[in-house]
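Structural features, examined
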Amino acid sequence: MNRAVSSIRSHHVARLGASRTAAASFSSSSSPEAAEAWDGRFRLHKPRGQHLLTNPRVLDAIVRRAALRQGDAVLEVGPGTGNLTVRLLASAAARVSAVEIDPRMVDAVTARVDALGLAHKLTLIAGDAVETEFPEFDVCVANIPYGISSPLIAKLLFGPYRFRAATLLLQKEFARRLVAAPGDSEYNRLAANVRMVADARLLMDVSKRDFVPVPKVDSSLVEIRPRAAAPDVDLAEWLAFTRACFGQKNKTLGAIFKQKRKVLELFTRSHGADERRHSNAGGGGGSRRLVALGGGDDGDIGDSDCNGSYDGAASFSEEEEVTAFKAKIAGALESSELAGKRPSKLSNDELLHLLRLLNEQGVRFQ
Ligand SMILES: C[S@@+](CC[C@H](N)C(=O)[O-])C[C@H]1O[C@@H](n2cnc3c(N)ncnc32)[C@H](O)[C@@H]1O
C-alpha cells in the first residue's frame, strides 16, 4: 500500500441508452460465446496468472452469486480483457473500480468498455493490486491471479477496508484450505487467521476447461464475509502467534514451545516488546502495525507453513532468565491443557485462550 497508484483513468463518456443495450448483450442467453473468447491479439503471460475465464455461463453465475445490490461500489482485481468487468458494469452496481497490472489489459478493457457505452461506471486503476491503495468499495468480485491470493486476502481482511463481502475465484486447493475447519486434514494457519475476522464458504467449483489458456488447476468460487465486530485481540499479535503455532503444525504445542530455538526467539522478542511498550506508552502501536500488514508487510497470513528463523543466543548472564521464561511458557501450556494437542485440531477460541495465558506470563509474539 506504500507505492503510489501508477495511474487512474476514469471514463465518463457514455450515454445511458447505450449502457442498456450493452447490458442486454451480457446474458448468456443472448451473447455469443465469441464475445468472451480470446482473439490472440497479444501473448498472455502465465506467470501473471493471465488465464481468461471465457465460459459465459460461469461468468454470469459469478455475478449472480455475488448478489450485488442497487448502488454498490464494486472492486475488481485483475479485469484482464473485461469478461467479468462488463457483467459487473451491467449489474445493479453503481460503479466498478478495477485494478490491473498489465498495460495491454488496461487498454483492452478500456476499449471494450468504451465501445459498450459503460465507461461512465468504470474507474480503471493501472497498478499492482497488492501495493495499490483501493478506493472504498462494498463488495469485491474478481477472478484474481492465483499467485497473489494470500497477500490479497490479507490486504482485504487485515487492511483498513470495510466491505460487505468478497466473491473470489481461487485455485481449488487454496479455496479448500481457506474454508477448512479445525480437525480437517487441510486445516492450517490461513484458515485460522481468516476465521478470526470473517466467515468463508465455497460457492461452486469451476473447471480449468473454462479458461484460456487452460491452466493446470481447477478453480472454486469462494465468498468471504468480514464479521461486523472486530475480535477482542491484538490482530498483529494473533497473526504472529499463529505463525509460531502452525509453522510446524504436525507437532504438538508442547513440542513446539519446548524447542530451545523457539524459547530463545520468544525470549528476545518479548524483552524487545517490553522495551517498545515502555517507549511507546499510550501510543496505540498495535493498530499502526496492522495497517502495515495490509500491504506493506509480506502480506502472509498463512498460505505457506513457514518457520521464523532465529540466530540469537543467550549469554551466560541471561541463562537463568531464559530458564525462568521457559518455565512460564510451560506453565501457560499446562494451565491451558493444550500441550498435547496439535494446533490444526484446535478452535480459535482454544488458541486464543492459550495466547492470553502466554501474554499474561509476559510472552509476546510480536
Ligand atoms: C486470471 S486473469 C483474470 C482476467 C479476467 N478477470 C477474466 O476473468 O477473464 C488475472 C488478471 O490479473 C492481472 N494481474 C496479475 N497480477 C496482478 C496484480 N498483482 N495486480 C493487478 N492485476 C494483476 C493479469 O494481468 C490478468 O489480467
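In this text, all values refer to a predicted model and were calculated from it rather than measured experimentally.

1. Focus: the UniProt feature "domain: Ribosomal RNA adenine methylase transferase N-terminal" (unreviewed entry) in the protein
The UniProt feature table records "domain: Ribosomal RNA adenine methylase transferase N-terminal" (unreviewed entry) at residues 58-228. Counted over residues 58-228, helix gives 32% and strand 27%. Its end C-alpha atoms are 30 Å apart.

2. Side note on the site of the ligand
Surrounding the ligand, one finds 22 residues, the nearest of these being Gln50, Gly78, Glu100, Ala129 and Asn143. One of the backbone nitrogen or oxygen atoms of Pro79 is found 3.5 Å away from a nitrogen atom of the ligand. A distance of 2.9 Å separates a nitrogen atom of the ligand from a polar side-chain atom of Asp128. For the ligand, whose unbound accessible area comes to 600 Å², protein coverage reaches 97%.

3. Structural notes on helix α2 (residues 56-65)
Of all 10 residues that make up α2, seven are buried, and the element is covered over most of its length. All of the buried residues along α2 are Pro56, Val58, Leu59, Asp60, Ala61, Ile62 and Val63. Where α2 is buried, its residues meet β2 (52-53), α3 (85-89), β6 (139-143), β7 (165-171), β8 (198-206) and β10 (219-226). Its side-chain oxygen 2.9 Å from the backbone nitrogen of Arg57, Asn55 forms the N-cap of α2. Phi turns positive, to about 45°, at Ala67, one or two residues after α2.

4. Section: the pairing of strand β5 (residues 122-126)
Along β5, four of the five residues are buried, which leaves the element largely enclosed by surrounding structure. Inspection of the sheet shows strand β4 (residues 95-100) paired to β5 by five bridges, in the parallel sense. Within β5, the position partnered with Ser97 by the bridge is Thr123. One crossover worth recording links β4 to the parallel β5 by way of helix α4 (residues 103-116), and it is right-handed.

5. A short note on the pairing of β4
Most of β4 sits inside the fold, with five of its six residues counted as buried. For strand β3 (residues 73-77) and β4, the ladder comprises five bridges, and the chain directions are parallel. If you follow Ala73 over to β4, its bridge partner there is Arg95.

6. What to know about the layout of surface pockets
The space that makes up the largest pocket amounts to roughly 640 Å³. Taken together, 35 residues make up the lining of the largest pocket; nearest its centre are Arg48, Gly49, Gln50, Ile144 and Pro145. The residue inventory of the lining of the largest pocket, partitioned by class, reads 18 nonpolar, 12 polar and five charged.

7. Topic: the pattern of salt bridges
Summed over all chains, the structure comprises 12 salt bridges. Its salt-bridge partner being Arg87, residue Glu36 comes within 2.8 Å of it at the nearest N-O pair. Within this pair, whereas Glu36 is found in the loop between α1 (16-24) and β2, its partner Arg87 is found in helix α3, the two being separated by 51 residues in sequence. A relative accessible area of 2% places Glu36 in the buried class. In this structure, the salt-bridge partner of Glu223 is Arg225, at a minimum N-O distance of 3.3 Å. For Arg225, a relative accessible area of 32% gives the class partly exposed.

8. Here we look at the environment of Phe42
Relative to the elements of secondary structure, Phe42 occurs in the loop between α1 and β2. Of the residues examined, Phe42 reaches a relative accessible area of 17% and is grouped as buried. In this structure, the C-alpha to C-alpha distance between Phe42 and Met105, residues 63 residues apart in sequence, is 9.6 Å. Contacts of Phe42, omitting those with residues within four sequence positions, involve Arg104 and Met105.

9. Describing the UniProt feature "binding site: S-adenosyl-L-methionine" (unreviewed entry) in the protein
If you check UniProt for "binding site: S-adenosyl-L-methionine" (unreviewed entry), the listed places come out as His51, Leu53, Gly78, Glu100, Asp128 and Asn143 in our numbering. Checking the annotated residues one by one, the ones that line the largest pocket turn out to be His51, Leu53, Gly78, Glu100, Asp128 and Asn143. Summarising the element assignment, Gly78 is placed in the loop between β3 and α3. Beyond its immediate chain neighbours, meaning those up to four positions away, Gly78 contacts Val99, Glu100 and Asn143. Here Asn143 is to be found in strand β6. Once residues lying within four places of it in the same chain are set aside, the contact partners of Asn143 are His51, Leu53, Val77, Gly78, Leu84, Leu169 and Phe211.

Conventions adopted
- Residues numbered from 1 in each chain as written.
- Predicted model: local features only at pLDDT ≥ 70, side-chain atom pairs only at ≥ 80, totals over all residues.
- Heavy atoms only, no water.
- UniProt positions renumbered as here; feature names shortened; annotations may be inferred.
- Helix = DSSP H or I, 4+ residues; strand = E, 2+ residues; numbered from the N terminus.
- Near = heavy atom within 4 Å.
- Polar contact = N/O pair within 3.5 Å; in protein donor to acceptor, adjacent residues only side chain to side chain.
- Areas by Shrake-Rupley, 256 points an atom, 1.4 Å probe, with all protein chains shown as cover.
- Buried < 20%, exposed > 50% of the residue type's maximum accessible area, 1.4 Å probe, protein only.
- Contact = heavy atoms within 4.5 Å.
- Pairing = 2+ DSSP bridges.
- Right-handed = clockwise from strand over helix to strand, strands pointing away.
- 1 Å grid on protein atoms, 1.4 Å probe; cavity = no way out; pocket = protein on both sides within 12 Å on 5 of 7 lines; lining within 4 Å.
- Points joined across faces, edges and corners; volume = space filled by probe spheres on them.
- Nonpolar A, V, L, I, M, F, W, Y, C, P; charged D, E, K, R; others polar.
- Salt bridge = Lys/Arg side-chain N within 4 Å of Asp/Glu carboxyl O.

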